[in-house]
Amino acid sequence: MTTSDFDFLQRTLPCMDLVYNLARRCTTHHQDAEDLVQETYLRALKSWRSHRRPDKVEAWLATICLNVVRSDYRRRSRRPAEQLQAEAGLDFRSGDHTEDTALGSIDKSAVHRALWELPDEQRIAVVLVDICGFTSSETARITRSPRGTVLSRVHRGRKALAETTTLRQVYKHET
Amino acid sequence: MSDRKSEQFEAHLLTCADCWHEVTRARGGRAIGESLRELAPQSLREDIRATAQSESSSSGRFQLRWLAAAVVAVTLTAIAGTALLRPGHGDRSMVQQPESIAQAIIDFQNGRIPAERPVERDAPDLAGIGFTVSGAGSGEVGNVEVDGFTYQDQAGRRLQLYVSRRPFPEAAGAEMILDGPGSPWMASSQGIGLLCAQKPFPLLALSEDPDVLQELSTYLSVS
């Protein structure tokens, strides 16, 4: 392995969780997400070998990942068939607010479905900010959108996510 | 948001049920989103590492095969050139070039520069003639140690610039720009133009467009 490739892995492997999380929310199946991460890293490596040295590796990888999604995966991706595997229930009670309590037992597959029901721009904005941890300014650069637009998308996305997920839970409990 | 605006906003939230509801909903949505964070599988990490390694070695094998083929091709071309062309006539691109010049031409044709180590010096700034750096690397071209830089302008014209501590050999068919020893020269080989000069630093530039080399020559005041 060349020094350059070694350097690439040293700089980019710590960002893999971030890329994987982005890939997971841009594809419907685990295997597709892993393929997307591999494709992202391959493209990044090619770019690295052409002497591209980004200042912010996380944002660079996220941008490549989204470009791959736009170019390759959009054609193949489907909205998730309602057969997502049930994932372990979550407990993120953060206080004694009734809404927090109501959200406390939501399962991941319901959240995943709710996320996929958001318009693409909102879903990507929520994923980049809330799951990948980018700031609104970084997200604006990655998605090439004004920061105000990103803030608006994130807010609408979060609200829709909360409402859809809570409704599903209420419906589930009632039936 | 300034502290004052923030305080005003918080005060408003306490008294406005609609806004309070809005913020609470968004906070809930954020918690839901954050809950989806996952760790990448360890196997994926290993796959990426393995892929990078295999890409690296296959690329190396490819380069070796390509280099061997190129050496054979250059040798055959040189033999054919020697046998078929009379000196001073015909296509000068068929004439055998010194090793470093031949290698520089091959690298230019393949859009490559040496990448054995980081460059020792900054890329010469050619923004004045509309070129921006697209790559940099250091290593050997033929037997000359160089820092190599690739440039491109908005029209997509490419320029490759090698900077060295040692002078470059003279290309076959070179035409001197000035009289006397150490004169900058220009040459053309296989459809690629070359410009070589000792000032302001020993450099060798390659481009498919002769105008680019003329502009560079004037811009760097090589003569």
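Computed from a prediction, not measured in an experiment: that's the story for all the values here.

Visitor: Kindly report on the pairing of strand β7 (residues 203-207) of chain B, identifying the contributing residues and their values.
Guide: All names here are of chain B. In terms of residue burial, β7 counts as a mostly covered element, since five of its five residues are buried. When strand β3 (residues 158-163) meets β7, the two strands line up antiparallel, connected through four bridges. Paired with Gln 160 across the two strands is Leu 206, which belongs to β7. Here strand β6 (residues 192-197) pairs with β7 via five bridges, running antiparallel. Across the sheet, Cys 196 pairs through a bridge with Leu 204, a residue of β7. The loop that links β6 with its antiparallel partner β7 comprises five residues.

Visitor: Outline the packing of helix α1 (residues 3-15) of chain B against helix α2 (residues 17-34) of chain B, listing residues and values.
Guide: Residues and elements named next belong to chain B. Interaxial distance between α1 and α2 falls to 6 Å at its minimum, and their mutual angle equals 105°. Judged by the angle between their axes, α1 and α2 are roughly perpendicular. Seen from α1, the contacting residues are Phe 9, His 12, Leu 13 and Thr 15; seen from α2, they are Ala 17, Cys 19, Trp 20 and Val 23. Residues that form the contact of α1 with α2 fall into these classes: six nonpolar, two polar and no charged.

Visitor: Tell me about helix α3 (residues 30-49) of chain A, and name the residues and values.
Guide: In this model, α3 of chain A (20 residues) spans 29 Å end to end at C-alpha, consistent with the 28 Å of a helix rising 1.5 Å per residue. Downstream of α3 of chain A by one or two residues, His 51 of chain A has phi in the positive range, about 75°.

Visitor: Could you give an account of the state of the cysteines, naming the residues involved and the relevant values?
Guide: All names here are of chain A. Inspection of the entire model under this criterion finds zero disulfides over all chains. This cysteine, Cys 65, is not joined by any disulfide, and Cys 26 carries the nearest cysteine sulfur, 5.5 Å off. Take Cys 65: its relative accessible area is 0%, and that puts it in the buried class.

Visitor: Help me get a handle on helix α5 (residues 210-219) of chain B, residues and values and all.
Guide: Residue and element names in this part refer to chain B. Among the residues making up α5, those that are buried are Val 212, Leu 213, Leu 216 and Ser 217. The buried residues of α5 all sit within an arc of 135° when viewed along its axis, so they share a single face. For α5, the secondary structure elements touched by its buried residues are β1 (131-141), β3, β5 (185-189), β6 and β7. N-capping of α5 is provided by Asp 209, with a side-chain oxygen placed 2.9 Å from the backbone N of Asp 211. A positive backbone phi angle near 50° is found at Ser 221, which sits one or two residues after α5.

What counts, and where the lines are drawn
Residues numbered from 1 in each chain as written. Chains lettered and ligands numbered in written order. Predicted model: local features only at pLDDT ≥ 70, side-chain atom pairs only at ≥ 80, totals over all residues. Heavy atoms only, no water. Buried < 20%, exposed > 50% of the residue type's maximum accessible area, 1.4 Å probe, protein only. Helix = DSSP H or I, 4+ residues; strand = E, 2+ residues; numbered from the N terminus. Pairing = 2+ DSSP bridges. Axes fitted to C-alpha atoms, helices over the stretch in contact; angles between N-to-C directions. Parallel < 35°, antiparallel > 145°, perpendicular 65-115°, else oblique. Contact = heavy atoms within 4.5 Å. Nonpolar A, V, L, I, M, F, W, Y, C, P; charged D, E, K, R; others polar. Expected span 1.5 Å × (residues − 1). Disulfide = S-S within 2.5 Å. Arc of directions from axis to C-beta. Polar contact = N/O pair within 3.5 Å; in protein donor to acceptor, adjacent residues only side chain to side chain.

Geometry only, nothing functional implied.
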